[in-house]
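# Notes for the structure review
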Amino acid sequence: MVGMRGAYGGGAYNDSKSRPHGGGMAAAAAPVTTDQEIAAMAVHKVAPPPARSTASKMKARVKETFFPDDPFRAFKGQPLGTQWLMAVRYLFPILDWVPSYSFSLFKSDLVAGLTIASLAIPQGISYAKLASLPPMIGLYSSFVPPMVYAVLGSSRDLAVGPVSIASLIMGSMLRQAVSPTAEPLLFLQLAFTSTFFAGLVQASLGILRLGFVIDFLSKATLVGFMAGAAIIVALQQLKALLGIVHFTTEMGIVPVMASVFRHTNEWSWQTILMGVCFLVLLLSARHVSIRWPKLFWVSACAPLTSVIISTLLVYLFKAQNHGISIIGQLKCGLNRPSWDKLLFDTTYLGLTMKTGLVTGIISLTEGIAVGRTFASLRGYQVDGNKEMMAIGLMNVVGSCTSCYVTTGAFSRSAVNHNAGCKTAMSNVIMALTVMITLLFLMPLFVYTPNVVLGAIIIAAVIGLIDLPAVYHIWKMDKMDFLVCVCAFAGVIFISVQEGLAIAVGISIFRVLMQITRPKMMVQGNIKGTDIYRDLHYYKEAQRVSGFLILAVEAPINFANCNYLNERIKRWIEEESFEQDKHTELHFIILDLSAVPAIDTSGIAFLIDIKKSIEKRGLELVLVNPTGEVMEKIQRANEAQNYFMPDCLYLTTAKAVASLSALAKMTKP
């Protein structure tokens, strides 16, 4: 009998007659198994993983962590010269499309580039003011960074430039320490330095293959954060729309609205009238483009059209003398070098590093998400790590050429995509158009009213409020919806950076809860099959007499061992409490098929639970331990044979059949 036990499995078994278990569900009899089937099952045992050295396992783990896409697989088997050429093309994606560039592609890129330039010029001026920076800085940031991205970026559709959320965050964080009106030069230096650190963080994430860091910003977090930030950005424009001079510098909805109604004496009906009219025009143009996608150019040209019309109105009617504020004189000229303005003084170093980190992560997440979205629409791949390097180096270069944080904006990229861009040349054309504007057309913006710039910002950020996505999150996952709401509420009631921190904290807490409280289930047999499923989900599943079948669906590690131990013991006690005189519990089956990894604490847990179960006169068997789990079990057996081959099975069905057959043989 001992020999048979070694072949088939088995354990402590008390002689008793079987009867249905409790719990409101009839117990299923174990499948009838013949001696031939038992012998066949004995042949198929849990195989140990192939032996590998520690170095090879470490190499595989590092490769899977940092190089899951295996970017160097194309280099294998190539001559040295070809490998060098491929490396240069990998670092400079422009070399992939420039050799085959044609005039037909240029015509498409020319139309797209001019179209997004008409959007980038007014948005650049508006977003710079949102960041409390001179309008020229917004245009500078629409000139140099797109040129750099065209050389280093891998997306064909991404249109680069300043974005509203990063502008808002940078302005609000820097204003906490320095006033842009009292110390404009110092504020500008801090903005350039923050941009430098943002680029450094972004490029480092790409070079070190740490792109998974931005995955902590889940979709629910981003949807709530973007919606809250959009509302805050829009509320900040009430200063321009109402003509208020003395306005709060705080970001929360309460102080903003309090400031609006505290200064009703500063409201200007002329400013309000002009602002409402142009806001209606911009929103109508946006609606037309959404309703009829082929008319995308309507919303693309609306901002520049609004700037031109409003500037003419102000000039003709001398509206600046009637309460409507204007931009004022802007100097012509291209970006000036600003590496000498980077400020690494210890007094402000912490502030600039923090601002760079926050704006860098946010803009990087937005840029990569936008690039991947349009790449999937056109059926090509965007390398996330390569994009991080491109956006990071773009911002590092930008910080040295009078630019602030830039990335790929969704609205601008959508226009670029709909305009039919074929390559990153559209960014170059946009940049050249901005360059011409900087050299020759800046005097034309002298009479541009600030209220129109505020209307342009409001029309742009409305698209960041994604109500269908919020509804979808609510329907799919209530916990994700809670994260979304917390991000939204934190942004509008506290501040942008605190709201983001709260949402990320809740998301990480949720992940930790999933790790420390892993999914476990009691399984039953679906009658007439060898399939075992969760008793709570499958009503046709029935308990098997004498067996408690448990499944774990998570890695077993130090963080969840105590929980698993207590949960299994409670299930055993509940099962024992439900028994009556006809049925007793004899076997505990632990299905490890969904356990991808286990650590030292996890192995100690398996040993402890096995000893605890055996003290109760029961037997623990393990089903289908995966490679890493089986390897750790083997190492534990080297010290003492805790888990003999006869307590390891490939499937739950084979374990039940083998143990049931053995139990019948041992009956007197």
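What this report covers is the structure whose coordinates are included nearby. (Residues numbered from 1 in each chain as written. Predicted model: local features only at pLDDT ≥ 70, side-chain atom pairs only at ≥ 80, totals over all residues. Heavy atoms only, no water.)

In this section: the overall build of the protein. Scanning the protein from N- to C-terminus turns up 27 helices and 10 strands. For the protein, the spread of C-alpha atoms along the principal axes amounts to about 110 × 65 × 55 Å. Burial analysis of the protein (668 residues in total) assigns 52% to the buried set. A total of about 30,900 Å² of accessible surface is found on the protein, and carbon and sulfur atoms cover 64% of it. (Helix = DSSP H or I, 4+ residues; strand = E, 2+ residues; numbered from the N terminus. Buried < 20%, exposed > 50% of the residue type's maximum accessible area, 1.4 Å probe, protein only. Areas by Shrake-Rupley, 256 points an atom, 1.4 Å probe, with all protein chains shown as cover.)

Taken as a whole and judged by the stated rule, the model has 0 disulfides. The thiol of C647 is unpaired, and the distance to the nearest cysteine sulfur, on C561, comes to 18 Å. (Disulfide = S-S within 2.5 Å.)

To continue, consider the pattern of salt bridges. Throughout the structure, instances matching the rule amount to 8 salt bridges. Linking R378 and D157 is a salt bridge whose minimum nitrogen-to-oxygen distance equals 3.4 Å. With R378 in helix α16 (residues 346-378) and D157 in the loop between α8 (144-152) and β2 (160-161), this pair connects stretches of sequence that are 221 residues apart. Judged by its relative accessible area of 28%, R378 falls in the partly exposed class. Each of the salt bridges in this network shares a partner with another, and the network as a whole consists of D477, D480 and R510. (Salt bridge = Lys/Arg side-chain N within 4 Å of Asp/Glu carboxyl O.)

Here we take up α16. Each α-helix turn comprises 3.6 residues. Residues three or four places apart therefore point the same way. Over its 33 residues, α16 runs 47 Å from end to end, which matches the ideal 48 Å to within 8%, given 1.5 Å per residue. Downstream of α16 by a residue or two, G379 has a phi angle that is positive, lying close to 80°. (Expected span 1.5 Å × (residues − 1).)

Now for the packing of helix α6 (residues 103-130) against helix α15 (residues 296-317). Between α6 and α15, whose axes approach to 8 Å, the crossing angle comes to 40°. Considered as vectors, α6 and α15 are oriented oblique to each other. Crossing of α6 over α15 shows left-handed handedness. Judged by residue contacts, T115, S118, L119 and P122 of α6 engage F296, A300, C301, P303, L304 and V307 from α15. (Axes fitted to C-alpha atoms, helices over the stretch in contact; angles between N-to-C directions. Parallel < 35°, antiparallel > 145°, perpendicular 65-115°, else oblique. Left-handed = near helix turned anticlockwise from the far one by under 90°. Contact = heavy atoms within 4.5 Å.)

Attention now moves to the pairing of strand β7 (residues 547-552). Of all 6 residues making up β7, 6 are buried, and the element is well covered by its neighbours. Side chains of β7 alternate between two faces, with F547, I549 and A551 and L548, L550 and V552 buried alike. In this sheet, strand β8 (residues 587-591) lies alongside β7 in parallel orientation, the contact comprising 5 bridges. When the bridges of β8 are listed, L550 appears paired with L590. (Pairing = 2+ DSSP bridges.)

A separate point is the packing of helix α10 (residues 184-207) against α16. Relative to each other, α10 and α16 sit at 55°, their axes nearing to 7 Å. One way to sum up the angle between α10 and α16 is to call them oblique. In this structure, α10 crosses over α16, and the sense of that crossing is right-handed. Of the residues in the contact of α10 with α16, the class split is 13 nonpolar, 9 polar and no charged. (Nonpolar A, V, L, I, M, F, W, Y, C, P; charged D, E, K, R; others polar.)

Turning our eyes to something else, we now look at the side chain of S289. You can see S289 is positioned in helix α14 (residues 269-291). Engagement of the side chain of S289 in a polar contact is seen with the backbone oxygen of L295, the distance being 3.0 Å. Excluding anything up to four places from it in sequence, S289 contacts L295, F296, V298 and S299. (Polar contact = N/O pair within 3.5 Å; in protein donor to acceptor, adjacent residues only side chain to side chain.)

What follows concerns the packing of aromatic side chains. For the structure shown, the criterion picks out 10 aromatic pairs. A centroid spacing of 5.8 Å and a plane angle of 70° characterise the contact between F196 and F197, whose relative ring orientation is edge-to-face. Comparing F196 with F197 shows no difference in burial state: the two are buried. The interplanar angle of 70° and the centroid separation of 5.0 Å between the aromatic rings of W474 and F481 together place this pair among those described as edge-to-face. Assessed through its relative accessible area of 22%, F481 is described here as partly exposed. Chaining the aromatic ring pairs together yields one cluster made of F196, F197 and F344. (Phe/Tyr/Trp six-rings, centres within 6.5 Å; stacked < 30°, edge-to-face > 60°.)

What follows concerns α8. Of all 9 residues that make up α8, 7 are buried, and the element is covered over most of its length. Among the residues making up α8, those that are buried are V144, P145, P146, V148, Y149, A150 and L152.

Turning our attention to the nonpolar core. One finds L133, I169, F225 and L438 to be the most contacted residues of the largest nonpolar core, which totals 103 residues. Dropping the residues within four chain positions of it, I169 is found in contact with F225, V358, T359, I362 and V496. Of all hydrophobic cores here, the second largest spans 50 residues; its members include L550, I556, I589 and V629. (Core = buried A, V, L, I, M, F, W, Y, C linked by side-chain atoms within 4.5 Å.)

On the surface, F212, V213, F216, I508, V511, L512 and I515 cluster together to form a nonpolar patch covering roughly 540 Å² of accessible area. Within the fold, F212 resides in the loop between α10 and α11 (219-236). The partly exposed category is assigned to F212, whose relative accessible area is 39%. (Patch = residues over 30% accessible without salt bridge, like charges linked within 9 Å, V, L, I, M, F, W, Y side chains within 5 Å.)

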